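Take a look at the letters that make up each chain.
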Amino acid sequence: MFYWVMKRVLAGPLLRGMFRPWVRGASNVPAEGGAILASNHLAVIDSFVLPLVLSRKIRFIGKSEYFTGTGVKGRLKAGFFRGVGTIPVDRGGGKASEAALRTGLEVLRSGNLFGIYPEGTRSPDGRLYRGKTGVARLALEAGVPVIPVAMIGTDVAQPIGQVIPSPMQIGVVIGEPLDFSRYKGMENDRFILRSVTDEIMYALMSLSGQEYVDMYAATAKARIAAGHRPDEVGPGSGGPSAPGGRRAPDVQVPGPPPGPDAPSVG
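Quick summary incoming for the structure in this document. (Residues numbered from 1 in each chain as written. Predicted model: local features only at pLDDT ≥ 70, side-chain atom pairs only at ≥ 80, totals over all residues. Heavy atoms only, no water.)

**Topic: the packing of helix 5 (residues 134–142) against helix 7 (residues 190–208)**
Then step 1. Interhelical geometry of helix 5 versus helix 7 gives an angle of 105 degrees and a closest axis separation of 8 Å. As judged from the angle between their axes, helix 5 and helix 7 are roughly perpendicular. Where helix 5 approaches helix 7, its residues Val135, Ala136, Arg137 and Leu140 are matched on the opposing element by Ile192, Leu193, Val196, Thr197 and Ile200.
Then step 2. For the contact of helix 5 with helix 7, the per-class residue count stands at 7 nonpolar, 1 polar and 1 charged. (Axes fitted to C-alpha atoms, helices over the stretch in contact; angles between N-to-C directions. Helix = DSSP H or I, 4+ residues; strand = E, 2+ residues; numbered from the N terminus. Parallel < 35°, antiparallel > 145°, perpendicular 65-115°, else oblique. Contact = heavy atoms within 4.5 Å. Nonpolar A, V, L, I, M, F, W, Y, C, P; charged D, E, K, R; others polar.)

Rendered as structure tokens:
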């Protein structure tokens, strides 16, 4: 109930007014049944913008720090994220992350939409980074399609370090569902998991027009914090130009559709 109150009465109208979101490919999201929405991750507001353009409820995973704050502000933040169905995940890995993935599996097997950011954290510089294989495990274990989603311009509206986003039009591009049923029963094969993840990241790169970096975003952030410039963080001249070592597609960052702003759904 709180999810729909936030979307339709409290936060939703405000966010629509601030961002005037346009969307392409909304029909690629099934009207019912479990599916994974695998998105690039440019800003905190990604998790708030995507639900605006879809009529179905989406559950996301969020870092556990969102739920452990102290004081009035911390409790309000934790209550908000719980209310909108966010599942806490400990990004330190191990049993905590495994528990979050188990919860995601329950969401999918219940016939619901589950949102996940394969990069694991926000991009530090607007580029697309190597995907973690948790999304592949979920897809194979649950037997559901993966729908690639590209957020457009959210990093401009809310750069890293900016708490309150700037009002501007942003977009969402939703790709065709990816079917990995051919790998049924192979969710414990790490080579299969990497192949599936790379295919998802390739779709995200094609939709978003982002440059790909064959490095985990968390590693890139650590290198940048250590004094490396963003243009020094990358695979190097001999590295792959796209996930899985394929050639990078000739794409551009999508823009809004011509004419009046595309209305959001829901």
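Now that the structure is up, let's keep going.
**Topic: empty space enclosed by the protein**
Then step 1. If you walk through the whole model with that rule in mind, you get 1 cavity of 30 Å³ or more.
Then step 2. Roughly 30 Å³ of volume is contained in the largest cavity.
Then step 3. Lining the largest cavity are Leu101, Arg102, Leu105, Arg137, Leu138 and Glu141.
Then step 4. Of all elements in the fold, only helix 4 (94–109) and helix 5 reach the threshold of two or more residues within the lining of the largest cavity.
Then step 5. Per-class residue counts for the lining of the largest cavity are 3 nonpolar, no polar and 3 charged. (1 Å grid on protein atoms, 1.4 Å probe; cavity = no way out; pocket = protein on both sides within 12 Å on 5 of 7 lines; lining within 4 Å. Points joined across faces, edges and corners; volume = space filled by probe spheres on them.)

**Quick look at the environment of Gly33**
Then step 1. Assignment of secondary structure puts Gly33 in the loop between strand 1 (22–24) and strand 2 (35–39).
Then step 2. A residue is classified by how much of its surface remains accessible, and Gly33, at 30% relative accessible area, is partly exposed.
Then step 3. For the pair Gly33 and Leu113, spaced 80 residues apart in sequence, the C-alpha to C-alpha distance is 7.6 Å. (Buried < 20%, exposed > 50% of the residue type's maximum accessible area, 1.4 Å probe, protein only.)

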